[in-house]
Amino acid sequence: MPETVLVTGGTGFIAQHCMIQLLDAGYDVRTTVRSVARATGLTALLAPHVGESVRSQIDRRLVVVEADLTSDAGWDEAVAGCRFVLHVASPLPLAMPKDESDLIVPARDGSLRVLEASQRAGVQRVVLTSSIAAIGYGRERDHLFTEEDWSNVDSPSIDAYAKSKTLAERAAWEFMRSLGPSSRMDLVVINPGLVLGPLLAGEWSSSGEAIKKILDRKVPGIPDLVFPLIDVRDVAAAHLAAMTTRSAAGQRYICALDAVPLREIALILARHYGPLGYKIPTRRLPKFLLRLAALFDHDLRLVVSEIGQPFLIDSSKIRRELGLSPRDVKEMTLSTADSMIRYGVVRDRTPADQ
Ligand code: NAP
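All chains use their own residue numbering, which begins from 1 and follows the written sequence. Where local features are concerned, this predicted model is filtered to residues with pLDDT of at least 70; where side-chain atom pairs are given and counted, the filter is 80 or more; whole-chain, interface and lining totals use all residues. The side-chain values count all of the structure's non-hydrogen atoms but skip hydrogen atoms and water molecules.

Some thoughts on the site of the ligand
Near residues are defined by distance, with any heavy atom within 4 Å of the molecule or strand qualifying the residue. Around the ligand there are 26 residues in total, and Thr-11, Arg-34, Val-88, Tyr-161 and Lys-165 lie nearest to it. Each polar contact in these results corresponds to two N or O atoms within 3.5 Å; when the atoms are within protein, one needs to be able to donate a hydrogen and the other to accept it, and residues that are neighboring in sequence are counted only if both atoms are side-chain atoms. The backbone of Gly-9 places a nitrogen or oxygen atom 3.2 Å from an oxygen atom of the ligand. Gly-12 is positioned with one of its backbone polar atoms (N or O) 3.2 Å from an oxygen atom of the ligand. Each residue receives one of three labels: charged for Asp, Glu, Lys and Arg, nonpolar for Ala, Val, Leu, Ile, Met, Phe, Trp, Tyr, Cys and Pro, and polar for the others, Gly being one of them. The residue makeup of the shell around the ligand, split by class, is twelve nonpolar, ten polar and four charged.

Below, the structure is given as structure tokens:
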């Protein structure tokens, strides 16, 4: 009989790709959502993306249950009988909230809820989705970042999201230490960079926002920013490998390519979609313009501190120990854009539509 893996946050971009890969790999999946009533279409959404043999069984093999990271209700039932838990859910808003605890509390306390329930239920391994935001933010970008690095939550330049991910991951490791060496349960952490790759429907994680804005020509130019990127299919593969690789216990893994300039993404889009009728902005946006705009926009103020900054990261550990060979920037950029056009997230300007 197939075993069941719990994936938290079944309405999310990364969680859905994890579920597809788990189902295709022969696992049954239980997933948590905040409201079952809002997730009635989940099976239909995933069905076209799984293998044919899974499709006919998906109603039986994918079960949706209710649990919110801010409440104890539902977590014991969610983890019951699972050997593996992928804890992916965490708030990832487009704009930072006025009160940073709106992000920190669900991220940190939610991770502890999932770990505590997993410990009570005899789960063997929890894989936690952390972020590069827990590694290289609120810090001078003066060295090659590795899994030894942590973001500085006391820095005035760190945003609420990076704080939430750092505090959640630190709390998770602290909880594991409190269990002591005799504990049967272990933890593996994946720290993805900015996640691109194919959307499964017309909803998108805020990480695709830059591509949407460029395709929609909602930005006058491209700021001098770099991002460590990774394709969502590789993030999901990393979660599955982290789940089953025995030696991964107690490890964190940076899951990203070297940081890529946003302008390189704009140029890839311009080369591919320009001939199809899209007017892709590619000129460099001067820093002074962003500084000016940042006077009126708090989120932009945090971005301005990143302008012109390098972000060197060492992703050799995940390649070496989990066997990941990530897709390149062109593939992840075009697959994001293609799916945004296919699902109507951005306007289709290709000749057939004109
Ligand atoms: P997403 O599509 O926005 O998914 C976030 C998920 O978290 C949603 O399912 C959301 O549920 C759930 N969630 C938020 N608050 C919750 C709460 N209080 N209780 C229960 N569930 C809650 O984002 P994603 O890109 O898939 O991100 C998934 C994970 O990857 C997060 O931990 C994020 O920090 C991490 N990550 C993402 C990126 C990236 O670039 N996308 C990079 C590094 C790390 P609702 O639908 O109900 O809101």
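Now, onward.
Remarks on helix H10 (residues 262-273)
Counted at 1.5 Å a residue, the expected span for H10 with its twelve residues is 16 Å, and the 16 Å between its end C-alpha atoms agrees. When we look at burial in H10, the residues that qualify are Leu-262, Ile-265, Ala-266, Ile-268, Leu-269 and Tyr-273. End-on, the buried residues of H10 take up no more than an arc of 160 degrees, which puts them together on one face. Of the surrounding elements, those touching the buried residues of H10 are helix H8 (209-215), strand S8 (226-231), strand S10 (259-261) and helix H14 (329-342). Only DSSP runs of H or I reaching four residues or more are called helices, and only runs of E reaching two or more are called strands; each is numbered from the N terminus. Between the first and last residue of a helix there are one fewer steps than residues, each counted as 1.5 Å, and that sum is the expected span. Accessibility here uses a 1.4 Å probe with only protein chains present; expressed as a share of the type maximum, an area under 20% marks a residue as buried, one over 50% as exposed, and anything in between as partly exposed. The arc in question is traced by the directions running from the helix axis to the C-beta atoms. Two residues qualify as a contact provided that any one of their heavy atoms is within 4.5 Å of a heavy atom in the partner residue.

A short note on unusual backbone geometry
Here Arg-217, not a glycine, exhibits a phi torsion of approximately 55 degrees, which is positive. Considering the arrangement of structural elements, one finds Arg-217 in the loop between H8 and S8.

So, the nonpolar core
Core analysis: the biggest nonpolar cluster contains 67 residues, and Val-7, Leu-22, Leu-86, Ile-190, Leu-215, Leu-269 and Tyr-273 have the highest contact counts within it. In contact with Leu-215, not counting residues within four places along its chain, are Leu-269, Tyr-273, Tyr-278, Ile-280, Ala-337, Val-346 and Arg-349. Among the nonpolar cores identified, the runner-up in size contains 23 residues, and Trp-75, Ala-117, Trp-150 and Met-185 belong to it. Residues belong to a common nonpolar core when they are buried Ala, Val, Leu, Ile, Met, Phe, Trp, Tyr or Cys residues joined through side-chain atoms within 4.5 Å.

Here we look at the packing of aromatic side chains
Pairing of aromatic rings covers Phe, Tyr and Trp, the last through its six-membered ring, and needs centres within 6.5 Å; plane angles under 30 degrees mean stacked, over 60 mean edge-to-face, and all others mean tilted. Enumeration according to the criterion identifies three aromatic pairs in this entry. Seen from their ring centres, Phe-145 and Phe-311 are 5.4 Å apart, and the 80 degrees between their planes marks the pair as edge-to-face. Residue Phe-145 is located in the loop between strand S5 (125-129) and helix H7 (160-179), and its partner Phe-311 is located in the loop between helix H12 (298-304) and helix H13 (316-322); the two are separated by 166 residues in the primary sequence. A residue is classified by how much of its surface remains accessible, and Phe-311, at 2% relative accessible area, is buried.

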